[in-house]
Amino acid sequence: MEQAKIDRINELARRVKAGETLTPEELSERDALRREYIASVKASLTGQLDRTYIVGPDGAKRKLPKKQ
């Protein structure tokens with residue numbers, strides 16, 4: 001996710017925390033940016049877990065199984 005989008009999420013969050021009311025357009029923008037950020041974090045974590053191996057006591061490596 002681009003840093004500009006993260007900065008925009010933070011800007012909107014600071015405004016809400018300061019007690020300002022967001023317009024309906026800003027609320028929908030914030031929700032869309034949050035969904036995009038969460039999807040980005042999930043994709044990053046999934047990629048990291050796909051490259052994770054468990055080393056057994058005998059030294060054999062096996063992929064981390066996915067939960068069903």
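Residues numbered from 1 in each chain as written. Predicted model: local features only at pLDDT ≥ 70, side-chain atom pairs only at ≥ 80, totals over all residues. Heavy atoms only, no water.

As enumerated under the stated definition, the model contains six salt bridges in all. A salt bridge links Lys5 to Glu36, with the shortest nitrogen-to-oxygen separation between them at 2.9 Å. Here the residue Lys5 occupies a position in helix H1 (residues 3-17), and Glu36 occupies one in helix H2 (residues 24-50), the gap between them amounting to 31 residues. When its relative accessible area of 26% is taken as the criterion, Lys5 is described as partly exposed. A residue is classified by how much of its surface remains accessible, and Glu36, at 34% relative accessible area, is partly exposed. Arg8 is paired through a salt bridge with Glu11; the nearest N and O atoms lie 3.1 Å apart. Here Glu11 and Arg8 lie together in helix H1, a separation of three residues that amounts to about one turn. Judged by its relative accessible area of 34%, Glu11 falls in the partly exposed class. In this structure, a network of salt bridges that share partners links the residues Arg8, Glu11 and Glu29. (Salt bridge = Lys/Arg side-chain N within 4 Å of Asp/Glu carboxyl O. Helix = DSSP H or I, 4+ residues; strand = E, 2+ residues; numbered from the N terminus. Buried < 20%, exposed > 50% of the residue type's maximum accessible area, 1.4 Å probe, protein only.)

Moving on to the packing of H1 against H2. Close contact between H1 and H2 brings their axes to 10 Å; oriented N to C, the two are set at 130°. Judged on the interaxial angle alone, H2 and H1 are oblique. Between H1 and H2 the crossing geometry is left-handed. Residue-level inspection shows Lys5, Ile6, Arg8, Ile9, Leu12, Arg15 and Val16 of H1 in contact with H2, the latter providing Glu26, Glu29, Arg30, Leu33, Arg34, Glu36 and Tyr37. Split by residue class, the contact of H1 with H2 holds six nonpolar, no polar and eight charged. (Axes fitted to C-alpha atoms, helices over the stretch in contact; angles between N-to-C directions. Parallel < 35°, antiparallel > 145°, perpendicular 65-115°, else oblique. Left-handed = near helix turned anticlockwise from the far one by under 90°. Contact = heavy atoms within 4.5 Å. Nonpolar A, V, L, I, M, F, W, Y, C, P; charged D, E, K, R; others polar.)

On to the side chain of Glu26, then. Mapped onto the elements, Glu26 comes out in helix H2. In this structure the side chain of Glu26 is engaged in a polar contact, spanning 2.8 Å, whose partner is the side chain of Arg15. Once residues lying within four places of it in the same chain are set aside, the contact partners of Glu26 are Arg8, Leu12 and Arg15. (Polar contact = N/O pair within 3.5 Å; in protein donor to acceptor, adjacent residues only side chain to side chain.)

You can see Ala13 is positioned in helix H1. Among the residues examined, Ala13 registers a relative accessible area of 36% and is labelled partly exposed.

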